[in-house]
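A closer look at the structure
Read off the chains here:
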Amino acid sequence: MTGELLKAGKVLKEGQTVSFYIEGEPEQYTSRIQEVNIKSMVVAAPKDSEGEELQIQPLAEFMALVTDTECRYTFPVVFERQAKRGKNINVWYVTKPEQVKRHQGRDYVRVRLDHTVQLRLVDDEGTISDPIDAQVVDLSGNGLCFAIDRVVLTGTQVGLEIDNIPDLGPVDVMGRVVRCWPVNPEEEHPIYHVGVSFGELPRATVNKIVHYLFSVQRTSIAKGVLEGGWKA
C-alpha cells in the first residue's frame with residue numbers, strides 16, 4: 001500500500017466521518033470523530049451490520065480511514081477504552097497516529113445500501129446464467145458486494161445491472177469476483193457475500209456513483225444524530 005505520509009494533525013479533525021476495518025476483512029464500521037487530542041481521539045462507538053455496538057477488548061488493533069474531496073487517508077489505531085457521553089451515546093477512545101498515509105482517489109469507499117442488483121454469472125466456457133436478483137451489501141465506485149445463497153468462485157465474470165441511483169439510469173457493467181465468503185457458515189442454508197470488482201465504467205458514471213454514496217453516508221450520520229446515537 002503506497003502513499004505519501006502526512007502529519008495526522010493536518011488531516012484529522014472533529015466532525016469527520018471515519019471508518020474502522022481490519023486489513024483483509026470485508027467489513028467496515030463507520031463512525032465520526034468527536035474529539036482530537038494530543039495522543040488520542042474520541043469517536044462514536046461503531047456498530048456492526050446488525051446494528052449492535054462492537055464489543056472488543058482493550059489494545060485491539062484496527063486500520064482507520066478518512067476522506068476529503070480528493071483523497072483518502074489511512075492509519076492504524078489501537079482501541080483503548082469505551083465510555084459514555086450524555087445519556088445515549090457511547091464513545092471509543094483510540095490512539096491518535098503521528099502520521100497518516102494519503103492515497104489519491106475516493107472510488108473505493110464502500111457504503112452499505114438497501115438495493116438490489118440483477119446479475120448474470122459467466123462460466124469458463126462463456127455460458128451466461130439466467131438473471132439472478134441479489135441484495136446489495138455495499139457499493140463503491142469500483143465494485144460492490146452482494147449476498148447470494150451459493151458459492152461463486154473467485155475469478156468468475158459477472159454481468160451486473162444496478163438500478164435506483166439518482167441521476168443515472170440503470171448501470172450495466174461487467175465485473176470479476178474477487179472474494180466469496182460465508183456470513184453464517186453454521187446455518188443449514190448459508191448465505192455468501194460476494195465481492196466484485198468492476199470493469200471499465202465512464203468516469204462521469206463513477207463520479208455520480210461516488211457522489212450518491214457520500215450523500216447516503218451523510219444522511220445516515222444525520223439520522224444517527226437525530227436519534228441520539230450513531231449508525232454504522
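Below, the structure is looked at part by part. Residue positions are given per chain, counting from 1 as you read along its sequence in written order. For a predicted model such as this one, the threshold for reporting local features is a pLDDT of at least 70, and the threshold for listing and counting side-chain atom pairs is 80 or more; totals across whole chains, interfaces and linings nevertheless cover every residue. To get the side-chain values, all heavy atoms of the structure are used, and hydrogens and water are removed first.

Structural notes on the state of the cysteines
By convention in this document, the label disulfide applies to cysteine sulfur atom pairs within 2.5 Å. What the rule picks out here adds up to zero disulfides. Note on cysteine 145: no disulfide assigned, nearest cysteine sulfur contributed by cysteine 180 at a separation of 9.1 Å. Residue cysteine 145 is classed as buried on the basis of its relative accessible area, which comes to 5%. Per-residue accessibility, obtained with a 1.4 Å probe over protein chains only, is compared with the maximum for each type, and a residue is labelled buried under 20%, exposed over 50%, and partly exposed between these values. On the accessibility criterion, cysteine 180 (23% relative accessible area) is partly exposed.

Focus on the side chain of aspartate 138
A run of H or I in DSSP becomes a helix once it reaches four residues, and a run of E becomes a strand once it reaches two; helices and strands are each numbered from the N terminus. Take aspartate 138: it is sitting in strand S11 (residues 132-140). Excluding anything up to four places from it in sequence, aspartate 138 contacts Arg110, Val111, Arg112, Leu113, Leu144 and Cys145. By the convention used here, residues are in contact when the closest approach between their heavy atoms is within 4.5 Å.

Here's the deal with the pattern of salt bridges
Salt-bridge detection follows one rule: a side-chain nitrogen of Lys or Arg within 4 Å of a carboxyl oxygen of Asp or Glu. Under the definition given, this model contains three salt bridges. Note that glutamate 4 and arginine 102 form a salt bridge whose closest N and O atoms lie 2.3 Å from each other. Within this pair, whereas glutamate 4 is found in strand S1 (residues 4-7), its partner arginine 102 is found in strand S8 (residues 99-104), the two being separated by 98 residues in sequence. Across the pair aspartate 149 and arginine 150 runs a salt bridge whose closest N-O atoms are separated by 3.4 Å. Exposure remark for arginine 150: the relative accessible area of 38% places this residue in the partly exposed category.

Points about the nonpolar core
Each nonpolar core is a collection of buried residues, namely Ala, Val, Leu, Ile, Met, Phe, Trp, Tyr and Cys, held together in the definition by side-chain atoms within 4.5 Å. By size, the foremost hydrophobic cluster in this structure holds 33 residues, and its most contacted members are Val117, Leu119, Leu139, Phe146 and Leu160. Contributions of two or more residues to this core are made by strand S10 (116-122), S11, strand S12 (143-148), strand S13 (157-162), strand S14 (171-182), strand S15 (192-198) and helix H1 (203-226). For this core, the element with the most residues is H1, which contributes seven residues. Other than its neighbours up to four places away in sequence, leucine 119 contacts Asp130, Pro131, Ile132, Ala134, Phe146, Val158, Gly159 and Leu160. Judged by nonpolar contacts, the second largest core, of 23 residues, contains Ala8, Phe20, Ala45 and Ala64.

Re the side chain of threonine 156
Note that threonine 156 resides in the loop between S12 and S13. Looking at threonine 156, its side chain comes within polar contact range of the main-chain oxygen of leucine 153, at 2.7 Å. Filtering out sequence-adjacent residues up to four positions away, threonine 156 remains in contact with Val122, Gly175, Arg176 and Val177. The term polar contact refers here to a pair of N or O atoms within 3.5 Å; inside protein, the definition further demands a hydrogen-donor-capable atom paired with an acceptor-capable atom, and it admits residues adjacent in sequence only when both atoms are side-chain atoms.

That is the geometry; function is a separate question.
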